[in-house]
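Next come the chains, spelled out residue by residue.
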Amino acid sequence: MLKIKSISKHFGGVKALNELNLEVGEGEIFGVIGPNGSGKSTLINVICGIFLPTKGDVIFEGQILSEKPTHQRLKKGIARTFQNIRLFPNLTVWQNLWVARNSVEDIKTESSFYRWFGKSSIVKKEIEKMLEFSNLENRADELASSLAFGEQRRLELARAVATKPRLLLLDEPAAGMTVSERAVTIKLLKELSKTRSVVVVEHDMEFISRLCNPVIVMAEGSVLFEGTSDEVKKDEKVIESYLGRGAKLKDEN
């Protein structure tokens, strides 16, 4: 589904990504870990088009998208969430989902008002499904800014899913969550992977272990290691450079 071919991204003399290669298959939940500054978020930004690569290609479902802007990649089926939540705080939960759903539609100006007020039964039903998916049915008419942190995370995920992506990019989706909130998110992402591929950038190795296969470890803009989460935890190079000697990684039940 996704191929990253010899991608480099330079910021002046800083090589944030350096000849990086990877492939994400259909229905995979692909994990990306690594220390701060290893290039994880830059990779997400290059895939979705916020940054254009210095060299190399982003190939999605056989099409080269390296020079395409973000909105065109969204219409091709690539959506993302952010490390720092980026909702429309002064819009309601329902309105946040409406904006996302309509962002990929080619609609006539004269029909937009009808869609805004929910006159389109198709859009309305799709938003209802997203509310149910994110367990926010009872918060639909509340402002996004009034939601608890975990609810905002779920809304941001639902907003990305509302664009009907084939590839979903998640930048630290478990950051700031409680144990129970992480468990709910893992369940949601496993359900999502039945119909799309997911790339997860995370520092939480327990979260990655329960969710992702395969996993890559990044260091200095390149792939240090790729394998299963169990293989990653046992690899000497990974332990030395990222996890740390004597690291104890327990799995949550």
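Residues numbered from 1 in each chain as written. Predicted model: local features only at pLDDT ≥ 70, side-chain atom pairs only at ≥ 80, totals over all residues. Heavy atoms only, no water.

## Considering unusual backbone geometry
Here the amide bond leading from Asn213 into Pro214 is cis, since omega sits at 5 degrees, within 30 degrees of zero. With respect to the secondary-structure elements, Pro214 resides in the loop between α8 (205-211) and β9 (215-219). The backbone phi angle of Glu19 is positive, close to 55 degrees, even though this residue is not glycine. Judged by its relative accessible area of 37%, Glu19 is partly exposed. A positive phi is found at Asn135, a non-glycine position, where the angle reads about 55 degrees. Within the secondary structure, Asn135 is located in the loop between α5 (121-133) and α6 (149-161). Assessed through its relative accessible area of 55%, Asn135 is described here as exposed. (Helix = DSSP H or I, 4+ residues; strand = E, 2+ residues; numbered from the N terminus. Buried < 20%, exposed > 50% of the residue type's maximum accessible area, 1.4 Å probe, protein only.)

## Notes on empty space enclosed by the protein
What the rule picks out here adds up to 1 cavity of 30 Å³ or more. By volume, the largest cavity is sized at about 90 Å³. Along its surface, the largest cavity is lined by Thr81, Arg153, Arg154, Glu156, Leu157, Leu170, Pro173, Met177, Thr185 and Leu188. Broken down by secondary-structure element, the contributors of at least two residues to the lining of the largest cavity are α6 and α7 (179-192). At 4 residues, α6 tops the list of elements feeding residues into the lining of the largest cavity. Tallied by class, residues from the lining of the largest cavity come to 5 nonpolar, 2 polar and 3 charged. (1 Å grid on protein atoms, 1.4 Å probe; cavity = no way out; pocket = protein on both sides within 12 Å on 5 of 7 lines; lining within 4 Å. Points joined across faces, edges and corners; volume = space filled by probe spheres on them. Nonpolar A, V, L, I, M, F, W, Y, C, P; charged D, E, K, R; others polar.)

## Brief notes about α5
Between the first and last C-alpha of α5 there are 18 Å, a value that for 13 residues agrees with the 18 Å anticipated at 1.5 Å per step. Among all positions in α5, only Val123, Glu126, Ile127, Met130, Leu131 and Phe133 are buried. Across the axial projection of α5, the buried residues extend over an arc of 160 degrees, all falling on one side. Pointing more than 90 degrees away from the buried face of α5 are the exposed residues Lys125, Lys129 and Glu132. (Expected span 1.5 Å × (residues − 1). Arc of directions from axis to C-beta.)

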